[in-house]
Amino acid sequence: KDVKQVDESGYRAAERYPNLRYWAYDWQTDEMTMRKYQISASERFYKQEYCGCSYSLRDSNDWRKANSIPKIKIGGDVAGLGDRYFSNALVDAQEESQEVVDEFFNQANELAECGKDLVERKKRLNVYKNRRKTEANDGKSLGLNNW
């Protein structure tokens, strides 16, 4: 997120209300990020598995399908990846680390370039081969599961 844009919007919004002051603060530090996960776990906040827009839902489900992960299920107690609710600050932080996010988008872009060609998808995702738990050697599946 563009911090400058967020702060400018916050100041403009606060100007409209007499007793409201916008608090500009750098919340994007390692300590504040960990605190976010601690609060989320202690309050058992719900984990939304995509940003909320239809494009994110579509792209996330395409990526999951290519990796043999169940589609996003909105609501309920079960999530496709991990727990439905925040429960452990360290585990939750690792699930959402910048490395994981970057890997997801890099892999999603590679998949998008392949279209529906599953053979080409597998070829492009060969870099993940040694990390797949369900890599198929039986010739029946294409071994696209990265989990």
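J.: Explain the overall build of the protein to me, and be specific about the residues and the numbers.
T.: Broken down by element type, the protein carries 6 helices and 0 strands. Ordered by position from the N terminus, the helices and strands of the protein form the series α-α-α-α-α-α. Counting only residues that meet the buried cut, the protein has 27% of its 147 residues in that class. Here the contacts in the protein between residues at least 6 apart in sequence split such that 46% fall between residues at least 24 apart. Only carbon and sulfur atoms are counted for the fraction: they give 52% of the accessible area of the protein, which is about 11000 Å².

J.: Would you mind going over the nonpolar core in detail, with residue names and values included?
T.: Trp63, Ala66, Ile69, Phe104, Ala108 and Leu111 form the largest nonpolar core, which has 6 residues in total. Those elements giving two or more residues to this core turn out to be α3 (54-66) and α5 (98-114). Element by element, the count of residues in this core is highest for α5, at 3 residues.

J.: Which residues make up the pattern of salt bridges, and what are the values?
T.: Applying the stated criterion across every chain, the model contains 2 salt bridges. Between Lys47 and Asp92 there is a salt bridge; the shortest N-O distance is 3.0 Å. You can see Lys47 sitting in the loop between α2 (30-42) and α3 and its partner Asp92 sitting in helix α4 (residues 89-95), a full 45 residues away along the chain. A single burial state applies to Lys47 and to Asp92, both of which are buried. Among the ionic pairs, Asp59 bridges to Arg58, the shortest N-O distance being 2.9 Å. Judged by its relative accessible area of 33%, Asp59 is partly exposed.

J.: Give me the lowdown on the environment of Asn67, citing residues and values where you can.
T.: In this fold, Asn67 is placed in the loop between α3 and α4. Taking the C-alpha atoms as reference points, Asn67 and Lys122, separated by 55 residues in sequence, lie 9.9 Å from one another.

J.: So what's going on with unusual backbone geometry? Which residues, and what values?
T.: Even without glycine at this site, Arg44 takes up a positive phi of about 50 degrees. Note on placement: Arg44 falls in the loop between α2 and α3.

J.: Account for α3, with residues named and values stated.
T.: Think of an α-helix as 3.6 residues a turn; residues three or four steps apart then line up on the same face. Compared with an ideal rise of 1.5 Å per residue, which puts 13 residues at 18 Å, α3 spans 18 Å between its outermost C-alpha atoms and is within 8% of the ideal. Looking at α3, one finds that the buried residues are Ser56, Ser60, Asn61, Trp63, Arg64 and Ala66. For α3, the elements touching its buried residues are α5 and α6 (118-124). Following α3 by one or two positions, Ser68 has its phi on the positive side, about 55 degrees.

J.: Describe the side chain of Ser56, with residues and values.
T.: Checked against the element boundaries, Ser56 lands in helix α3. Those residues in contact with Ser56 that sit more than four places away from it in its chain are Tyr50 and Cys51.

J.: Explain the packing of aromatic side chains to me, using residue names and the numbers behind them.
T.: By the definition in use, this model includes 4 aromatic pairs. Between Tyr11 and Tyr22 the ring centres are 5.0 Å apart and the planes differ by 75 degrees, which places this aromatic pair in the edge-to-face class. Taken together, the residues span a long stretch of sequence, with Tyr11 in helix α1 (residues 3-15) and Tyr22 in the loop between α1 and α2 at a distance of 11 residues. On the basis of relative accessibility, which here comes to 42%, the residue Tyr11 falls in the partly exposed class. Classification of Tyr22 by relative accessible area gives partly exposed; the value is 22%.

Analysis parameters
- Per chain, residue numbering runs from 1 following the sequence as it is written.
- Residue-level local features of this predicted model are given only where pLDDT is at least 70; pairs of side-chain atoms are given and counted only at 80 or more, and the full residue set underlies all totals for whole chains, interfaces and linings.
- As a rule here, side-chain values come from all non-hydrogen atoms in the structure, and water together with hydrogens is ignored.
- Helix and strand definitions follow DSSP, with helices as H or I runs of at least four residues and strands as E runs of at least two, each counted in order from the N terminus.
- Burial classification: accessible surface area is computed with a 1.4 Å probe over protein chains only, and a residue below 20% of its type maximum counts as buried, one above 50% as exposed, and the rest as partly exposed.
- Should any heavy atoms of two residues lie within 4.5 Å, those residues are counted as being in contact.
- To be clear on the numbers: accessible area is Shrake-Rupley with a 1.4 Å probe, and residue cover counts the displayed protein chains and nothing else.
- We define the nonpolar core as a collection of buried residues of types Ala, Val, Leu, Ile, Met, Phe, Trp, Tyr and Cys that are connected through side-chain atoms lying within 4.5 Å of one another.
- Should a side-chain nitrogen of Lys or Arg be within 4 Å of a carboxyl oxygen of Asp or Glu, the pair is scored as a salt bridge.
- For a helix, the expected span equals 1.5 Å multiplied by the number of residues minus one.
- Two aromatic rings from Phe, Tyr or Trp, using only the six-membered ring of Trp, form a pair when their centres are within 6.5 Å; if the ring planes differ by under 30 degrees the pair is stacked, by over 60 it is edge-to-face, and anything between is tilted.

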